[in-house]
Every structure is written in C-alpha cells, then in structure tokens.
Amino acid sequence: MKRAAFVYSEGQLDYKFSETHPFNQKRLVLTANLLRSIDALPDSAIVEPRVATDEELALIHDERYIEIVKKAGNGEVDQIVAENYGIGTEDTPIFPHMHEASAQLVGGTLTAVDEVMEGRARRAVNLGGGLHHGFRGKASGFCVYNDSSVAIRYMQEKYGARVLYIDTDAHHGDGVQWSFYDDPDVCTVSIHETGRYLFPGTGSITERGSGQGYGTSFNFPVDAFTEDDSFLEVYRTSVREIAEFFKPDVILTQNGADAHYFDPLTHLHSTMRTYREIPKVAMELAEQYCGGRWIAVGGGGYDIWRVVPRAWSLIWLTMNEAEIPEGPLPEKWLARYGPESPVPLMPHWEDPDPLYKPIPRKPEIEEKNRLMMEKALHIIRSEKKE
C-alpha cells in the first residue's frame with residue numbers, strides 16, 4: 001500500500017471560467033511543480049483522475065440540472081434559464097464543455113476515495129476538488145458540481161462509511177452542509193470567516209442539523225482579522241472533540257487556502273503557520289479513529305502565486321510523511337515563475353514575521369472566537385457530562 005496518492009492531470013485545468021476569473025486552476029500546476037522541484041512528487045505517486053458518470057453526479061445533483069449544465073457548455077441554453085440554475089452569472093459564468101470539465105473534478109475526488117477505501121493508498125489528495133458551494137440543482141460561488149458531496153454519498157453507498165467532513169476554507173462549506181443536514185452518518189465541520197462580511201452569508205453556530213442529523217453539523221464562524229493563534233485554537237480544539245464524539249470511518253478535508261492574509265477575497269490573517277498545522281492534525285485524527293483513511297481536496301485560494309502552492313504542498317508532504325521544509329523555496333521554481341507572477345513571489349516556505357502590522361483588536365477578536373467556539377461545542381460537551 002502506498003502512503004499517499006496524488007490525483008492529478010493537467011486536464012483539471014479545463015475548469016476555466018475566463019482569463020480574468022479569480023478561480024484559476026493554474027495553481028494546480030504551480031503546486032505540482034513546486035513539489036517536483038524538491039523531488040517530493042515522483043510519477044509513481046500520481047494517479048490519473050477519471051471522469052464522474054452522470055449516475056455518480058446524480059447521487060447529489062438533480063438530473064435536470066446536469067442536463068442544463070451539458071447544454072450550457074454547448075451554447076444551447078438561454079441566459080435567463082441558465083441564471084435560474086446559477087450559471088451564466090458573474091461568479092459562475094458559462095464556458096465551453098463545462099459539464100465535462102466539472103465532471104472530471106468530481107471524478108478526481110472519487111478516484112482519491114477509491115484509492116483509499118480499496119486499500120491502494122493510506123491517504124489521497126485531489127487538489128482539483130473542493131467545490132463546496134454547489135447545490136443539488138444550482139451552481140454557486142465558482143462551483144458547478146459539488147465533488148465533496150458526491151464523494152461523501154459515494155462513500156456511504158459503496159463502502160458503508162461514516163464520514164467526517166472538515167472544511168477550513170474561509171467561506172462556509174454550505175453546499176456540503178445542506179446535502180447532509182439531516183443525515184446522522186455524516187458530520188460536517190466548517191471553520192470560516194463570519195458570514196456577516198463574506199459570501200455565502202451562512203454558517204452560524206445555530207446551524208446544527210435537523211431531524212436525525214441534529215447535532216452532526218458544526219460551524220465555527222471566526223471574526224474578520226482572526227490570526228493564526230486564534231484560528232488554530234478553534235481548529236485544534238473543535239476537530240479533536242468532534243472526532244472523538246462522532247468516531248468516523250474516514251475523514252474528508254476541504255483545504256481552501258483563502259484564510260491567508262494575502263488572499264484578495266477574504267479578511268482573515270492566517271499565515272503559513274496555520275497551513276502547516278491543518279494537515280498535521282487531520283492526519284493524527286485519521287490515524288486515531290479511521291485506520292489512517294484520509295482524503296483531502298483543494299477549494300478556495302485566490303493568491304495563486306504566493307500562497308496556494310506553498311499551502312497545498314504542505315498537505316502532500318504531510319500525507320506522504322515527508323520532512324516539512326524550512327528556509328528558501330527552490331531557486332529553479334522561483335526562477336521559472338517569478339517573471340510570470342504579477343506580484344513578487346515569497347522566497348521562503350515560511351512567511352516573514354511579522355507579515356503585517358499588529359491588529360488593534362487582537363484580544364477582543366480572540367475572546368470573541370473563544371466564546372463562539374464554546375457555544376458551538378456545547379452540544380457535545382453537555383452530552384459528555386450526562
């Protein structure tokens with residue numbers, strides 16, 4: 001069994017809305033080549049993603065919606081009809097062959113699932129996935145199909161798995177949460193910037209699940225300008241207590257890298273310290289509760305030059321039990337992409353300290369986040385006392 005599988009092909013770059021759209025899959029190439037430049041991604045570790053079938057997409061998505069996406073990618077859908085399904089909008093514009101490109105991203109996550117659940121690899125990553133805003137019959141927030149939701153349902157039906165989904169994207173993982181809101185065998189955890197300031201505006205601590213699924217939906221909306229210490233306190237505490245409470249068979253993590261200070265679409269102040277810790281804790285939990293079974297997907301991340309390649313490389317290096325590098329980035333990678341980058345590349349694996357001016361409200365933000373976390377975890381802490 002391999003330690004880890006890296007699901008990737010340059011075909012994943014076909015998911016492209018436009019030259020200027022913030023969701024830019026060039027970040028996949030930048031990450032893969034950064035790993036190759038330190039000899040951490042041999043060809044033997046790479047697994048080609050397959051394309052999800054219509055039947056697999058229909059595990060979550062409405063069949064009428066799938067047909068509309070197909071027709072839209074062929075230029076056969078009226079603008080008003082398209083917008084009713086969330087496509088043809090500023091966030092999620094129509095592009096040629098969008099069904100095929102979207103189905104490949106879903107298929108990549110299903111490929112990662114099979115690698116792990118069939119015992120070919122202990123862990124697997126599909127950085128092309130993580131499209132957590134897609135709904136049953138509607139695209140949203142750059143997401144046409146929701147690969148994580150499809151993968152979770154697939155794991156339930158094919159492997160009978162009890163799934164813990166952990167989402168550390170700065171945006172609330174709304175599409176995945178609502179897909180399993182009443183399902184007691186799927187636990188969704190989202191740590192995100194509060195919806196008071198940021199799309200999609202959901203993800204309050206009162207969203208706890210419904211019916212038999214009540215108590216298996218957890219949200220941790222941190223305040224704008226939250227820094228590493230507070231973000232990591234919420235992350236470490238919450239995911240450890242929830243994993244102990246839920247006892248999953250497999251962990252699926254969504255690893256948006258848009259909580260970083262440099263990200264242009266959010267207001268959080270994480271640095272690379274946070275992105276070193278997130279995969280480390282996820283792997284510890286998978287080893288403790290799931291026999292090592294851990295699948296990771298990508299997600300948001302809109303500073304594709306300075307942030308995403310470093311952050312996402314750390315997921316793979318952690319999964320593969322490789323030494324986490326410190327110091328300068330490889331000179332050949334910097335020389336290759338420096339001239340192309342619109343901003344000066346970060347020269348080291350770590351961020352400079354300090355990366356930004358001190359936050360005036362730091363103690364207030366930390367206390368606010370701590371109280372929010374206590375309230376969000378009350379549901380399982382009170383059960384423990386009983």
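Scroll up to find the structure this text is about.
First, a word on scope: everything that follows refers to the structure included in this document. (Residues numbered from 1 in each chain as written. Predicted model: local features only at pLDDT ≥ 70, side-chain atom pairs only at ≥ 80, totals over all residues. Heavy atoms only, no water.)

Another point: the pairing of strand β6 (residues 217–222). The element β6 is extensively covered by neighbouring structure, given that 6 of its 6 residues are classed as buried. Burial along β6 is two-sided: Ser217, Asn219 and Pro221 and Phe218, Phe220 and Val222, pointing in opposite directions, are all buried. When strand β5 (residues 186–193) meets β6, the two strands line up parallel, connected through 6 bridges. Opposite His192, over in β6, you have Pro221 as the bridge partner. (Buried < 20%, exposed > 50% of the residue type's maximum accessible area, 1.4 Å probe, protein only. Helix = DSSP H or I, 4+ residues; strand = E, 2+ residues; numbered from the N terminus. Pairing = 2+ DSSP bridges.)

This part covers the packing of helix α5 (residues 98–117) against helix α6 (residues 147–159). Direction vectors running N to C along α5 and α6 enclose 35 degrees, while the axes themselves pass 9 Å from each other. Every pair of crossing elements has a handedness; the one defined by α5 and α6 is right-handed. Where α5 abuts α6, its residues Leu105, Val106, Thr109, Leu110, Val113, Asp114 and Met117 lie against Asp147, Val150, Ala151, Tyr154, Met155, Lys158 and Tyr159. When grouped by side-chain class, the residues that make up the contact of α5 with α6 number 10 nonpolar, 1 polar and 3 charged. (Axes fitted to C-alpha atoms, helices over the stretch in contact; angles between N-to-C directions. Left-handed = near helix turned anticlockwise from the far one by under 90°. Contact = heavy atoms within 4.5 Å. Nonpolar A, V, L, I, M, F, W, Y, C, P; charged D, E, K, R; others polar.)

To continue, consider helix α9 (residues 272–289). End to end, α9 covers 27 Å across 18 residues, agreeing with the expected 26 Å (1.5 Å per residue, within 8%). Restricting attention to buried positions, one finds in α9 the residues Met272, Thr274, Tyr275, Glu277, Ile278, Pro279, Val281, Ala282, Met283, Leu285 and Ala286. Packed against the buried residues of α9 are β3 (121–126), α8 (228–246), β7 (250–254), β8 (294–297) and α10 (308–319). (Expected span 1.5 Å × (residues − 1).)

We now examine the packing of aromatic side chains. The full count for this structure, using the stated rule, is 17 aromatic pairs. Ring centres of Phe17 and Phe95 lie 5.4 Å apart, and the angle between their planes is 90 degrees; this geometry places the pair in the edge-to-face category. Taken together, the positions of Phe17 in the loop between β1 (2–7) and α1 (26–37) and Phe95 in the loop between α4 (79–84) and α5 put the pair 78 residues apart, joining distant regions of the chain. Phe95 carries the same exposure label as Phe17, and that label is buried. Where Tyr154 meets Tyr159, the ring centres are 6.3 Å apart and the plane angle is 75 degrees; that geometry is what we call edge-to-face. (Phe/Tyr/Trp six-rings, centres within 6.5 Å; stacked < 30°, edge-to-face > 60°.)

Here the focus is the packing of α9 against α10. For the pair α9 and α10, the least separation of the axes is 9 Å and the interaxial angle reads 30 degrees. When the axes of α9 and α10 are compared, the pair comes out roughly parallel. Between α9 and α10 lies a crossing of right-handed hand. Here Met272, Tyr275, Arg276, Pro279, Lys280 and Met283 of α9 come into contact with α10, specifically with Arg310, Ala311, Leu314, Ile315, Thr318 and Met319. In the contact of α9 with α10, the residues fall into 8 nonpolar, 1 polar and 3 charged. (Parallel < 35°, antiparallel > 145°, perpendicular 65-115°, else oblique.)

Across all of its chains, the model carries 33 salt bridges by this definition. Where Asp229 meets Arg273, a salt bridge forms, and the shortest distance between an N and an O atom there is 2.8 Å. In this pair, Asp229 sits in helix α8 while Arg273 sits in helix α9, placing the two residues 44 residues apart along the sequence. In this structure Asp229 comes out as partly exposed when scored by relative accessible area, which is 40%. Classification of Arg273 by relative accessible area gives partly exposed; the value is 45%. Connected through salt bridges with shared partners, the residues Arg50, Glu56, Asp114, Glu115, Glu118, Arg120 and Lys158 form a single ionic network. (Salt bridge = Lys/Arg side-chain N within 4 Å of Asp/Glu carboxyl O.)

That is the geometry; function is a separate question.
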